[in-house]
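Spelled out, the chains give:
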Amino acid sequence: MAEATPFPLNAWYAAAWDYEIKRELAPRTICDKDVVLYRRSDGQVVALEDACWHRLLPLSLGHLKDDQVVCGYHGLIFNSAGRCTYMPAQETINPSACVRAFPIAEKHRLVWVWMGDPALADPDKVPDFHWNSDPPWVGEGGTFYSLQCDYRLVIDNLMDLTHETYVHVGSIGDEAITRNPFEVTHTDRKVTVARWMENIEPPPFWARLLGRPGHVDRWQIIHFEAPGVVAGDVGVALTGTGARDGNRAEGVNGFFLAAVTPETRTSCHYFWNFVRNFRTDDQALTKSLNLAHVNQGRGVYDQDHDVLEAQQKAINKNPRQPFYNLNIDAGALWARRLIDRMLAAERGAPHPAGSRPDLAAE
Amino acid sequence: MAEATPFPLNAWYAAAWDYEIKRELAPRTICDKDVVLYRRSDGQVVALEDACWHRLLPLSLGHLKDDQVVCGYHGLIFNSAGRCTYMPAQETINPSACVRAFPIAEKHRLVWVWMGDPALADPDKVPDFHWNSDPPWVGEGGTFYSLQCDYRLVIDNLMDLTHETYVHVGSIGDEAITRNPFEVTHTDRKVTVARWMENIEPPPFWARLLGRPGHVDRWQIIHFEAPGVVAGDVGVALTGTGARDGNRAEGVNGFFLAAVTPETRTSCHYFWNFVRNFRTDDQALTKSLNLAHVNQGRGVYDQDHDVLEAQQKAINKNPRQPFYNLNIDAGALWARRLIDRMLAAERGAPHPAGSRPDLAAE
Amino acid sequence: MAEATPFPLNAWYAAAWDYEIKRELAPRTICDKDVVLYRRSDGQVVALEDACWHRLLPLSLGHLKDDQVVCGYHGLIFNSAGRCTYMPAQETINPSACVRAFPIAEKHRLVWVWMGDPALADPDKVPDFHWNSDPPWVGEGGTFYSLQCDYRLVIDNLMDLTHETYVHVGSIGDEAITRNPFEVTHTDRKVTVARWMENIEPPPFWARLLGRPGHVDRWQIIHFEAPGVVAGDVGVALTGTGARDGNRAEGVNGFFLAAVTPETRTSCHYFWNFVRNFRTDDQALTKSLNLAHVNQGRGVYDQDHDVLEAQQKAINKNPRQPFYNLNIDAGALWARRLIDRMLAAERGAPHPAGSRPDLAAE
């Protein structure tokens, strides 16, 4: 555990689905820090440090009183800015008495939190996750809370889909993925991995969704935005109908969406969805696509889950660094490189200033 | 865990209720040391180090033979002074072969053990806990063994009863506690916190016990004796009947009693009782008062239990020292100051000498 | 955990019963290293490092393809020498891509693995365990996998049978064991402890097996071979029939067999058997002898199991070194001395060279 923190703090991380945050206290651990979330009566979501200024009892064990939090031990009250507004049995309130308040942005059906320097928290920089909320895309999604692996292992997993051939055989896995080349491009904050598999037999999952016989062109175009968001543009169209040139009318198209948030150094919250732009009114299809991904251990993400947690255990026992790499890792390596740059930039900069500088530097 | 031991060793700590120690081996961990307790045939309680001199097997896994302990592995026998009196297959006994024997005092229905220098163990210095045994006081009590918090958090809890307003709302909690001032006095070993709440509506718990209508004067006079004993004189009397001046005839009076013993640095044994001096023959009342305190998670001490363990977890994750304090903490701060003085005195002194000096210095 | 590794690596350790290793991947942790075992189609057992070269996923989560192992994450394939023979989506294979392969010997119904320098792995040096496989000896046996104690505590236990008097009273335990002297002899790799108890009442276990009235001469001749094998020649014969002079015709004879393999510093795998050379066709007797040793907590080895795990816990809490010793420990002390010599020799020697020198030095 002596390794430097593997997650940048100056970043927006998904903390919850919007519907999960109500007029009650919801605890989460994010970037190794305990946070309590709630929604004010005006609808604004609040995130406070989940430890009372006085004796550290988690505020999430207390209760809401209007828009403020009452500690469940001695009744100290904190407003939504984290400032203490009541102390039991005394008139004067210590002006330094507060808990950290973390900037929040609500966007694309998720609540995003900023664990670093509040002055840098720009809501316009919430990662692009619009497929999760905007028409024509439809999906249900879910969360693996406290998945027991470094969040970067999930990124690795999603940035290289050759693993589908081995982990997801019989559904989306296919020899064609491994056989076909891919292209990696990047900017300072984004990486794209694009692979086209032309004129192939569709794998079972896609054959069912397409519902038409014949060979297809299959695409996987994965968009990563550092440090924790992946959106994968995936689909198939009948061969010869011009999908690669931009005409997807004779095909079916989905996006797998992942917002991966560090919980601790070796665990993460994985908000996922699979959205599509066809048969969007078909609720039964929405349900069945969700179950194809997570279904009591039998979905494709459940399969990844097992692999990722086993991999983390192996890393704990074999602290060999860095990994050996293959050509297929090019996308994941670029993703990690962008994360590393964010980390280096943060370490070079002065410590994040906040309402509690002494804690911010912890 | 690098912090210095937070508990003095030269002190009497409650190890068991007297009825728990019989003609059989009873293990306890006290001040981070494994101890085995039993009662000799003459009634005297014995406490030995619970690890055989030879191969460290806990002696509590062996058995009693008359008044000696036979190790369950190779049959070494230790007398009640900890000296080895038998070794298998050899005539000569290594004269240094022994386990530590800890001084014991049996008083006020509890067995007290002294984990430090035996030469300093004065039975006259067992903390005053006479309400637990002496007429007119009646109560049943119980123990939280291995409560997962630093014993000092229990002391903090009992030395500031404003927490009742928040943790025990609907039973003994009441805004009046928070509203009314208190006085703290202390000697070198004791702290007293006294609060009077005059002319108030009694909270539900006390209203039921008093059984008479009208406003009351309520008192909470808490006596701490370092390092681990608290006796709280609590009650209500009809307003205007002179309770504050010493006449409690028109009221009801109880004592909450706590003997808190470090198990490890972050866990403790909490021997508690609630005794009263009225309706002392009413067994049903005794039972119901016990259940009011501990009742499968619904009693007031169960509520404290949850808070204390959550607080310890938060401290483990947020190693911020020292705590920030409020006016209400004055009593707890004095209690901790007396404990700290005991610790400083012990550290200044030469290491406790015992029958096994090499272990005593561990 | 800072203590030097307590197990030599240049030694044959039992990894599995031969029937356990089939055409499928079987994980084991041996000497703190994860290993995957399987049987090739030609019958040869293979042991590979159980962590893929690429991303460390345990290979045991993958599958066999002919005689090679396919990683369950990205499909890398390793042959039975540990060399990578396939990488997904690339033609050229990194020539350094491999996992460690550990030498294997199959002998005496067990699969033995060599965790140290492969160049030193001489199959002729597999410990003598012939009673486990060769006529006239018959027995069934079993394994405690992941027994939670240092493997040397099992050796201590078996090298001093006075513990039977206390741990196994009512079956094989007997005051005679403690009363009678023993002799210890040793070579550079072996220790023998021999005890004869002449003209005694047989303990219940042996009385039943002998099935004849009268006093007996009982023997316990324990053979240790460093670092982890014990074979105990035990039995009784009618007194006066010359057992001590070599004539065991009027008695019954068994061997308790133990191959003890370090799993971690504080856990081990304990392959055991109890074999006999009489009534060898009596399957019911074979079964009942097995149950006498391990039977859901009621067998004699179950009793040892409890003691050994309690002892390890006590050692963890009381890091007192070295142990204090008794005369009865002479055999165990010689066993530990031989182990220590192996350890010293290994540390003096250059680091084991292997197919992966960087890992071998971990």
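Looking at an unreviewed UniProt entry, one finds chain A named Aromatic ring-hydroxylating dioxygenase subunit alpha, with Paracraurococcus lichenis as its source organism.

*Asks:* Would you explain the side chain of B:T261 in this entry?
*Replies:* Residues and elements named next belong to chain B. Considering the arrangement of structural elements, one finds T261 in strand β17 (residues 251-264). Within the local environment of T261, its side chain forms a polar contact with the backbone oxygen of A14, the two atoms lying 2.6 Å apart. Those residues in contact with T261 that lie beyond four places of it in its chain are Y13, A14, I30, C268, H269 and F271.

*Asks:* Can you help me understand the pattern of salt bridges in this one?
*Replies:* For side chains of opposite charge, pairing can occur when their charged atoms come near one another. All names here are of chain A. Summed over all chains, the structure comprises 48 salt bridges over all chains. We note a salt bridge from E225 to K190, for which the minimum N-O separation is 3.9 Å. Placement of E225 in strand β15 (residues 216-225) and of K190 in strand β14 (residues 190-200) is noted, with a sequence separation of 35 residues between them. The shortest N-O distance in the salt bridge between R212 and E250 comes to 3.0 Å. Separated by 38 residues along the polypeptide, R212 in the loop between α4 (204-210) and β15 and E250 in the loop between β16 (229-238) and β17 (251-264) bring together distant segments of the chain.

*Asks:* Is there a simple way to explain the relation of the copies chain A and chain B in this structure?
*Replies:* Two chain copies here: they are related by a rotation about an axis and a translation along the same axis. When chain A is fitted onto chain B, the two copies agree to an RMSD of 0.0 Å after a turn of 120 degrees and an axial shift of 0.0 Å. Taken together, the rotation and translation describe the operation of a three-fold axis.

*Asks:* Mind showing me how you'd approach empty space enclosed by the protein here?
*Replies:* One simple way to see leftover space: roll a probe sized like a water molecule over the atoms. Within the structure shown, the criterion is met by 8 cavities of 30 Å³ or more. By volume, the largest cavity is sized at about 180 Å³. Lining the largest cavity are 18 residues, and of these C:E164, C:I172, C:F256, C:H293 and C:Y301 sit closest to its centre. The biggest single contributor to the lining of the largest cavity is helix α6 (residues 300-317) of chain C, with 3 residues. Along the lines of polarity and charge, the residues of the lining of the largest cavity split into 10 nonpolar, 5 polar and 3 charged. Of the voids in this model, the second largest cavity is the one considered here, and its volume is about 60 Å³. Lining the second largest cavity are A:R55, A:Y73, A:H74, B:D156, B:N157, B:D160, B:Q311, B:D329 and B:A332. Of the residues contributing to the lining of the second largest cavity, the split by class is 2 nonpolar, 3 polar and 4 charged.

*Asks:* Looking at this structure, I do not really get the sheet that holds strand β7 (residues 77-78) of chain A. What am I missing?
*Replies:* Where strands meet in a sheet, backbone hydrogen bonds hold them as pairs that are either parallel or antiparallel. The strand order β5-β6-β7-β8 (chain A) describes an open sheet built from 4 strands, whose pairing is antiparallel. What marks the edges here is a single partner per strand, and that holds for β5 (63-65) and β8 (84-86) of chain A.

*Asks:* Whenever I open this one, the interface of chain C and chain B confuses me. Can you help?
*Replies:* Accessible area lost upon the coming together of the parts is a frequently used measure of interface size. Contacts between chain C and chain B engage 25 residues on the former and 26 residues on the latter. Buried surface at the junction of chain C and chain B, summed over both partners, amounts to about 2300 Å²; 57% is from carbon and sulfur atoms. On the surface where chain C and chain B come into contact, there are 2 salt bridges. A salt bridge links C:K317 to B:D34; the shortest N-O distance between them is 2.7 Å.

Cut-off values and rules
- Residues numbered from 1 in each chain as written.
- Chains lettered and ligands numbered in written order.
- Predicted model: local features only at pLDDT ≥ 70, side-chain atom pairs only at ≥ 80, totals over all residues.
- Heavy atoms only, no water.
- Helix = DSSP H or I, 4+ residues; strand = E, 2+ residues; numbered from the N terminus.
- Polar contact = N/O pair within 3.5 Å; in protein donor to acceptor, adjacent residues only side chain to side chain.
- Contact = heavy atoms within 4.5 Å.
- Salt bridge = Lys/Arg side-chain N within 4 Å of Asp/Glu carboxyl O.
- Least-squares fit on C-alpha atoms with pLDDT ≥ 70 in both.
- 1 Å grid on protein atoms, 1.4 Å probe; cavity = no way out; pocket = protein on both sides within 12 Å on 5 of 7 lines; lining within 4 Å.
- Points joined across faces, edges and corners; volume = space filled by probe spheres on them.
- Nonpolar A, V, L, I, M, F, W, Y, C, P; charged D, E, K, R; others polar.
- Pairing = 2+ DSSP bridges.
- Buried area = accessible area lost by both parts, 1.4 Å probe.

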